[in-house]
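Each chain, letter by letter, is given below.
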Amino acid sequence: MSHNDCIFCKILDGEIPSAKVYEDDHVYAFLDISQVTKGHTLIIPKTHTKNIYETPPEVAKELFARVPKIAGAIKEVYQPIGMNLLNNNEEPADQSVFHLHIHLIPRYGDGDGFSSNWTTHTNDYSSEDLQQIAKDINSTIDS
Ligand code: AMP
Ligand code: ZN
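It should be emphasised that the depicted structure is a prediction, and the values quoted were computed from it without experimental measurement. (Residues numbered from 1 in each chain as written. Chains lettered and ligands numbered in written order. Predicted model: local features only at pLDDT ≥ 70, side-chain atom pairs only at ≥ 80, totals over all residues. Heavy atoms only, no water.)

The next thing to look at is the overall build of the chain. Scanning the chain from terminus to terminus reveals three helices and five strands. Projected onto the principal axes, the alpha-carbon positions of the chain cover approximately 50 × 40 × 25 Å. For the chain, the residues scored as buried account for 33% of the 143 residues in total. Long-range pairs, those at least 24 residues apart, make up 53% of the contacts in the chain between residues at least 6 apart in sequence. Carbon and sulfur atoms form 52% of the exposed surface of the chain, whose accessible area is close to 9,700 Å². Side chains of the chain carry 11 positive and 21 negative charges; the gap between the two charge centres is 8 Å. (Helix = DSSP H or I, 4+ residues; strand = E, 2+ residues; numbered from the N terminus. Buried < 20%, exposed > 50% of the residue type's maximum accessible area, 1.4 Å probe, protein only. Contact = heavy atoms within 4.5 Å. Areas by Shrake-Rupley, 256 points an atom, 1.4 Å probe, with all protein chains shown as cover. Lys, Arg positive; Asp, Glu negative; His and termini not counted. Charge placed at Lys NZ, Arg CZ, Asp CG, Glu CD.)

To continue, consider the pattern of salt bridges. Pairing between side chains becomes possible if they bear opposite charge and their charged atoms approach one another. Enumeration according to the criterion identifies six salt bridges in this entry. Here arginine 66 and glutamate 62 are joined by a salt bridge, their closest N and O atoms 2.6 Å apart. Separated by four residues within a single helix, arginine 66 and glutamate 62 lie in helix H2 (residues 57–78), roughly one turn from each other. Each member of the pair, arginine 66 as well as glutamate 62, carries the same accessibility label: buried. Measuring nitrogen to oxygen at the nearest pair gives 2.8 Å for the salt bridge that ties arginine 107 to aspartate 112. (Salt bridge = Lys/Arg side-chain N within 4 Å of Asp/Glu carboxyl O.)

What follows is about the coordination of the zinc ion (ligand 2). With distances of 2.0 to 2.3 Å, the protein atoms coordinating the zinc ion (ligand 2) are Cys6 (SG), Cys9 (SG), His48 (ND1) and His99 (ND1). Of note is the zinc ion (ligand 2), whose four donor atoms meet at the metal with angles of 104 to 116° in an arrangement that counts as tetrahedral. Written as a sequence motif, the donor arrangement for the zinc ion (ligand 2) is C-x2-C-x38-H-x50-H. Of this pair, cysteine 9 sits in helix H1 (residues 7–12) while histidine 99 sits in the loop between strand S4 (82–86) and strand S5 (102–107); the two residues are 90 residues apart in sequence, bridging distant segments of the chain. Summarising the burial analysis for this pair, cysteine 9 and histidine 99 share the class buried. (Donors = N, O, S within 2.8 Å, 3.2 Å for Na, K, Ca; no water. Tetrahedral: all angles 85-135°; square planar, octahedral: opposite > 155°, others 65-115°.)

In this structure the tally under the stated criterion is two aromatic pairs. The interplanar angle of 85° and the centroid separation of 5.2 Å between the aromatic rings of phenylalanine 8 and phenylalanine 30 together place this pair among those described as edge-to-face. Of this pair, phenylalanine 8 sits in helix H1 while phenylalanine 30 is found in strand S2 (residues 27–31), placing the two residues 22 residues apart along the sequence. On the accessibility criterion, phenylalanine 30 (3% relative accessible area) is buried. On the numbers, 5.7 Å between centres and 35° between planes, the contact of tyrosine 28 with phenylalanine 30 is tilted. Here tyrosine 28 falls in the buried class, since its relative accessible area comes to 8%. (Phe/Tyr/Trp six-rings, centres within 6.5 Å; stacked < 30°, edge-to-face > 60°.)

This is how it looks when you write it as structure tokens:
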């Protein structure tokens, strides 16, 4: 299903050009126009889905199933020393294109352009807190 105002659906339809890395029945992978590092690739499902919350398991399964071989290909050609996968959901979490995508960001060392800044709050949570949080989430998962 293609969505009118979706830039990635337009890429899938060939209305907007892209640098194709890989394509099959389920997914399309192409270079991010704003390369964070050399080989920075986006992989998207061919079915339009806004983000992870709206993604049926089958679509997620087919999408993620392709990640290892694309990551492996990037590794083989450019020999990065690491690889970060990133998936942003909703604007406050930096999602700017509302068609599910996974970033594959090869890493080449300090100052390569990517950094993930987070602050840990280990001391703010007791083991009881952790058990309670895990329970809260678990009890909300549909089985
Ligand atoms: P996010 O911020 O996770 O939603 O990522 C969206 C990504 O899409 C950004 O990194 C953009 O650089 C990238 N992007 C936007 N338009 C295009 C385009 N026409 N071709 C390739 N990448 C794009
Ligand atoms: Zn779309």
